[in-house]
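Coordinates in review
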Amino acid sequence: MQIQLHQTGGIAYFPALEKTIDVDTSALPDDEAALLESLVTEVERSDDAFRSPVPAAGGDRRQYVVRIDDGTARSFTLQDPLGQTSSTDLVRRLNSYRNRPG
């Protein structure tokens, strides 16, 4: 499964400095890949994945565009405040790959 996370907004957001995070679960250890894929499934089944990307009050709220490709390409947008625990876990886990080599 290919997963991308692109974050926009937030305090002191500078688009030129923002980097899309790309994760290929086939390159991860099996347990880590299974956890990420499970989180994606949980979020897709939750109401969070279908929220309107129209910003709530406060222009400094972050939005997260998650793109998935496991043979079927799709995407969803999450925004702060993240609701479900699985949404928070998915964004945090994907962000942990931001500074990993490779």
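A short tour of the structure in this document, coming up. What you see is a predicted model; the values in this text were computed from it and never measured.

Reading the values: rules and limits
- Residues numbered from 1 in each chain as written.
- Predicted model: local features only at pLDDT ≥ 70, side-chain atom pairs only at ≥ 80, totals over all residues.
- Heavy atoms only, no water.
- Helix = DSSP H or I, 4+ residues; strand = E, 2+ residues; numbered from the N terminus.
- Buried < 20%, exposed > 50% of the residue type's maximum accessible area, 1.4 Å probe, protein only.
- Contact = heavy atoms within 4.5 Å.
- Pairing = 2+ DSSP bridges.
- Axes fitted to C-alpha atoms, helices over the stretch in contact; angles between N-to-C directions.

**Considerations on the overall build of the protein**
Helix and strand content of the protein: 2 helices and 4 strands. The N-to-C order of helical and strand elements in the protein reads β-β-α-β-β-α. Scored against the burial criterion, the 102 residues of the protein give a buried share of 38%. Contacts in the protein between residues at least 24 apart in sequence constitute 62% of all its contacts with a sequence separation of at least 6.

**Section: the sheet that holds strand 3 (residues 62–69)**
The sheet built from 4 strands is open, its strands ordered 2-1-3-4 with antiparallel pairing. Every interior strand has two partners, whereas the edge strands, strand 2 (21–24) and strand 4 (73–79), have only one. Pairwise comparison of adjacent strand axes, ignoring direction, gives a mean angle of 15 degrees for this sheet. One ladder, built from 4 bridges, connects strand 1 (residues 2–9) with strand 2; its direction is antiparallel. Note on strand 2: the bridge partner recorded for Leu 5 is Ile 21.

**So, the pairing of strand 3**
Pairing analysis gives 8 bridges linking strand 1 to strand 3, with the strands arranged antiparallel. Bridge pairing in strand 3 links His 6 to Val 65. Pairing of strand 3 with strand 4, which is carried by 7 bridges, proceeds in the antiparallel orientation. Its bridge partner lying in strand 4, Ile 68 is registered against Arg 74. The loop that links strand 3 with its antiparallel partner strand 4 comprises 3 residues; one of these, Gly 71, has a positive phi angle of about 105 degrees.

By themselves, these figures tell us nothing about what the structure is for.
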